[in-house]
Amino acid sequence: MHSICRLPVLVCLLCASAHAKDNAKLAKLADGVYARVVSPDGEAVANAGVVVWDQSVLVFDTHFTPEGGNSLLSAIRSVTPKPVRYVVNSHWHPDHVHGNQVFASAQLIGSANARRDVMNLDLPSLNRTTRITQAQMKDLRNALAKETDPEKRRSLSEQIKNRNDYLQYASRLKISPPIIALDGNATIRDGKQDAHVLFLGAGHTDGDIALYLPAQKIVFAGGIFFNSAIPNVQDAFMLDWIQTLGRLLQLDAEKFVPGHGPVGSKKDVENFLHYLEDLKAIVAPAVERGDSLEQITRELKIPAEYSSYRFQNLFPSNVQKMYAELKAIRLQSMPQGEETESEQRAP
Ligand SMILES: [Zn+2]
């Protein structure tokens, strides 16, 4: 697992061109409604959704790479020749939006915060990574020219190849932010059918949106819902996320398509909500005791009921994010002066 949602940019983008082709087919959820559930280790990384209407097609998220977007388009063409008129991005993370360029003639829709982050974080990150990689290529080539040891030459050549692959990948990638940037909810209507684009509150990021199809009782939840997986919380709002999942569960729906993992039921969303609630419940007493972040990260283990979840390596970051939020609340609630005393008591 190396690129679930927010990417450790240099490492993961260097891997981008090496991702295996994803041949996942569209899974039919209802007439005209499909999910493309993909491997986190392929070129697509995050799931996508497809809604085929009378005149057009709506796509929800576009995978991690232009190649992933192309494979999504091929999968769509296996079920319909209709034009893709709408693309809805669940949030700004690259594994959900870097296939956007494949759907250049569609209306690109996302939250205003997602657009902000594509412009302020994703684009600069790509440019910065490209500059770093170019500099590394120069250094590696110089080192290779001077190196005589065959083993070291082989290693240097491999590093040069990886970076060259990345630069070629970056030259193919055209980061495409949402053109229609929503501050709240919206409804897209095509013929007789409605699709509701819903902002349910902060969670995985502060710009997550879901797509709700009331007639089919289906929700494409994007980053809000990780099914049987520990979430990436790099940009998350953990306590808000608990509330947001509560609102997601209030929708009259039966099938919930996560950003990562298999298509789930309401019960699966409840399980994910319970994971976050349990995380809060085990971190809160340690915050109250004044335990240090290092201590709590070392001592807290993932509860047994979540030991089968994917991406176990993300659990320490989940603990740390929850700790930071609960600690901030605790400090705010303390009378002035007590904070210092408490901090001194902490080991
Ligand atoms: Zn994400």
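All values reported here derive from a predicted model rather than from experimental measurement.

A.B. asks: Explain the overall build of the chain residue by residue, including any values.
C.D. replies: Check the secondary structure of the chain and you find 10 helices and 12 strands. Its C-alpha radius of gyration of 22 Å places the chain within 12% of the 20 Å reference for a compact globule of 347 residues. Principal-axis analysis of the C-alpha atoms places the extent of the chain at approximately 65 × 65 × 35 Å. Taking all 347 residues of the chain together, 44% fall into the buried category. Look at the contacts in the chain between residues 6 or more apart in sequence, and 66% of them connect residues 24 or more apart.

A.B. asks: Let's hear about the packing of helix α6 (residues 238–250) against helix α7 (residues 266–289): which residues, and what values?
C.D. replies: It is at 10 Å that the axes of α6 and α7 come closest, and there the two elements cross at 160°. It follows that α6 is roughly antiparallel to α7 by the angle criterion. Of the two possible hands of crossing, α6 and α7 adopt the one that is left-handed. Together, Met 238, Trp 241, Ile 242, Leu 245, Leu 248 and Leu 249 of α6 and Lys 266, Val 269, Glu 270, Phe 272, Leu 273, Leu 276 and Glu 277 of α7 make up the contact between the two elements. Its residues placed into classes, the contact of α6 with α7 shows 10 nonpolar, no polar and three charged.

A.B. asks: Give a description of the confidence of the model for the chain that names residues and reports values.
C.D. replies: Confidence along the chain averages 91 in pLDDT terms, with 91% of residues attaining 70 or more. The low-confidence segment residues 7–11, where pLDDT is below 50, has eight contacts with residues more than four positions distant or belonging to other chains. The low-confidence segment residues 340–347 (pLDDT under 50) makes seven contacts with residues lying over four places distant or belonging to another chain.

A.B. asks: I'd like a rundown of the domain arrangement of the chain, residues and numbers included.
C.D. replies: As far as domains go, the chain holds domain 1 (7–115 + 176–264) and domain 2 (275–345). With 12 residues of domain 1 at the contact, the number on the domain 2 side is 13 residues. Of the residues that constitute the side of domain 1 that touches domain 2, the class distribution is nine nonpolar, three polar and no charged.

Conventions we followed
- Residues numbered from 1 in each chain as written.
- Predicted model: local features only at pLDDT ≥ 70, side-chain atom pairs only at ≥ 80, totals over all residues.
- Helix = DSSP H or I, 4+ residues; strand = E, 2+ residues; numbered from the N terminus.
- Rg over C-alpha atoms; globule rule 2.2 N^0.38 Å.
- Buried ≥ 20, exposed ≤ 12 C-beta atoms within 10 Å, placed from the backbone.
- Contact = placed C-beta atoms within 7 Å.
- Axes fitted to C-alpha atoms, helices over the stretch in contact; angles between N-to-C directions.
- Parallel < 35°, antiparallel > 145°, perpendicular 65-115°, else oblique.
- Left-handed = near helix turned anticlockwise from the far one by under 90°.
- Nonpolar A, V, L, I, M, F, W, Y, C, P; charged D, E, K, R; others polar.
- pLDDT = per-residue confidence, 0-100.
- Domains from an automatic or database assignment.

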